[in-house]
Number of protein chains: 2
Amino acid sequence: MTDPPRRRRGRPRAGESSGREAILAAATAEFETHGYDAATVRAIAARAGVDPALVHHHFGTKADLFGAVVNAPMRPDKDLPAILAGDPDQIGAGIVRYVLTTWDRPEVRRRGVALLRTAVGTKAGSPLLVGFLRREMLGQVSRVIPGPDAELRATLVASQIAGLLMTRYVLALEPIASTPVEDVVAWVGPTIQRYVSD
Amino acid sequence: MTDPPRRRRGRPRAGESSGREAILAAATAEFETHGYDAATVRAIAARAGVDPALVHHHFGTKADLFGAVVNAPMRPDKDLPAILAGDPDQIGAGIVRYVLTTWDRPEVRRRGVALLRTAVGTKAGSPLLVGFLRREMLGQVSRVIPGPDAELRATLVASQIAGLLMTRYVLALEPIASTPVEDVVAWVGPTIQRYVSD
């Protein structure tokens, strides 16, 4: 994590920086030990020796804190609701366009590829990312899908998006790696649309 | 590589085992140095100090040799032709069924996940696998696709298959990880079919 963490507005107070660092270190340890779902802001605060309110003050929700810990290049927990609440016929195109326009930014791409390499390349790295995706992304997607297959369909969405990230950004497989965003949206949008609505 | 290499038929000759090992070591070095496309059986033989005919005798084609080097869990170069030459309307289902029935075997899954973790998790591991996939898989698929978009469509196929391998086998994301093969074929087959035939 080489980028500076996001700062709240206002003047820094004495000792604030070390408090933030202690919370980040505690959060990293709790996430690694217990996984995303079981980690709690309360336990993170206790490990850091601060009040839970201070964790929320500095970092917001547990998802925000996880985003800060992994230096998250994309925040589906914050960005998906608007796409999922929009035109139901445009959810597939909207998700693909959101992912591609976000990851096409060099800084996001750099951090995203590094995060995926860690999550996929090491056995220990996978469960934490899976926990975050399950809670903050798949849950949202499956709630807009009708019928008993909702959870399977949400993971089918994840499979196509994961493969798009792998081929376009991690492996840089041509020509999909340099195809204009809207051309990829035209091809992959209907795939996602079929998975969410049939 | 812990599994024994495949043996040609017949009695082993004195020194054969060390010759095979020398060829495998030379092939590993040539593939790593030059990539899959640029590596040649001639250069591998020269590096191993043997005649190129002996390389072919022990290992077959360059694709066979690469398969032996990476202990390949799946050989699309050998298995795809029959699927691609069959009923054009069944290519999508055929590819998905082939991938899943192959990877659902525990031994294939174990080696495949290890190979994907290496290929994705390390920057050095990616180009070699990409080179093999491009030459031995994408080339075959794009040749059966009509129109100027053939290469893009082939990489779209790769994106969905890569994501399926990631979610079902590497990340073991439920419920897609334990959904019966034919249910996944029914969902993902039409995606692949649309990418190859529209």
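First, a word on what this report is: a plain description of the structure on this page. (Residues numbered from 1 in each chain as written. Chains lettered and ligands numbered in written order. Predicted model: local features only at pLDDT ≥ 70, side-chain atom pairs only at ≥ 80, totals over all residues. Heavy atoms only, no water.)

Of regular secondary structure, chain A possesses 10 helices and zero strands. Moving toward the C terminus, one meets the helices and strands of chain A in the order α-α-α-α-α-α-α-α-α-α. Scaling as 2.2 N^0.38, a compact globule of 198 residues should have a C-alpha radius of gyration of about 16 Å, and chain A matches this with 18 Å. For chain A, the C-alpha atoms occupy an extent of roughly 50 × 35 × 35 Å along the three principal directions. (Helix = DSSP H or I, 4+ residues; strand = E, 2+ residues; numbered from the N terminus. Rg over C-alpha atoms; globule rule 2.2 N^0.38 Å.)

Here we come to the packing of aromatic side chains. Aromatic ring pairs are described here by two measures, namely the spacing of the ring centres and the angle between the planes. Residue and element names in this part refer to chain B. Counted according to the given criterion, the structure contains 14 aromatic pairs over all chains. Aromatic side chains Trp103 and Tyr169 sit 5.4 Å apart centroid to centroid with 40 degrees between the ring planes, which places their arrangement in the tilted category. With Trp103 in helix H6 (residues 91-103) and Tyr169 in helix H9 (residues 150-170), this residue pair connects regions lying 66 residues apart in the sequence. When sorted by exposure, Trp103 lands in the same class as Tyr169, which is buried. (Phe/Tyr/Trp six-rings, centres within 6.5 Å; stacked < 30°, edge-to-face > 60°. Buried < 20%, exposed > 50% of the residue type's maximum accessible area, 1.4 Å probe, protein only.)

Next up on the list: the interface of chain A and chain B. In this assembly, 38 residues from chain A lie in contact with 38 residues from chain B. Both faces considered, chain A and chain B share a buried interface measuring about 3400 Å² in area, 68% of it formed by carbon and sulfur atoms. A per-residue breakdown of the area chain A buries against chain B is headed by Arg117(A), Val120(A) and Trp187(A), which together make up 22% of the total. Across the contact surface, chain A and chain B share zero salt bridges. Along the contact surface separating chain A from chain B lie 14 residue pairs in polar contact (both at pLDDT 80 or more). If one sorts the elements of the side of chain A that touches chain B by residue count, helix H9 (residues 150-170) of chain A sits on top with 14 residues. Class assignment for the residues of the side of chain A that touches chain B results in 20 nonpolar, 10 polar and eight charged. (Contact = heavy atoms within 4.5 Å. Buried area = accessible area lost by both parts, 1.4 Å probe. Salt bridge = Lys/Arg side-chain N within 4 Å of Asp/Glu carboxyl O. Polar contact = N/O pair within 3.5 Å; in protein donor to acceptor, adjacent residues only side chain to side chain. Nonpolar A, V, L, I, M, F, W, Y, C, P; charged D, E, K, R; others polar.)

Here we come to the side chain of Gln193(A). Residue and element names in this part refer to chain A. For Gln193, the location among the structural elements is in helix H10 (residues 181-197). Here Pro88 takes part through its backbone oxygen, which lies 2.8 Å from a polar atom of the side chain of Gln193. Excluding anything up to four places from it in sequence, Gln193 contacts Pro88, Asp89, Gln90, Ile91, Gly92 and Asp198.

It is worth spelling out the relation of the copies chain A and chain B at this point. One chain copy maps onto the other through a rotation about an axis and a shift parallel to that axis. Of the transformation superimposing chain A on chain B, the axial component is 0.0 Å and the angular component is 180 degrees, with the fit at an RMSD of 0.0 Å. Those values place the two copies in the arrangement expected of a two-fold rotation axis. (Least-squares fit on C-alpha atoms with pLDDT ≥ 70 in both.)

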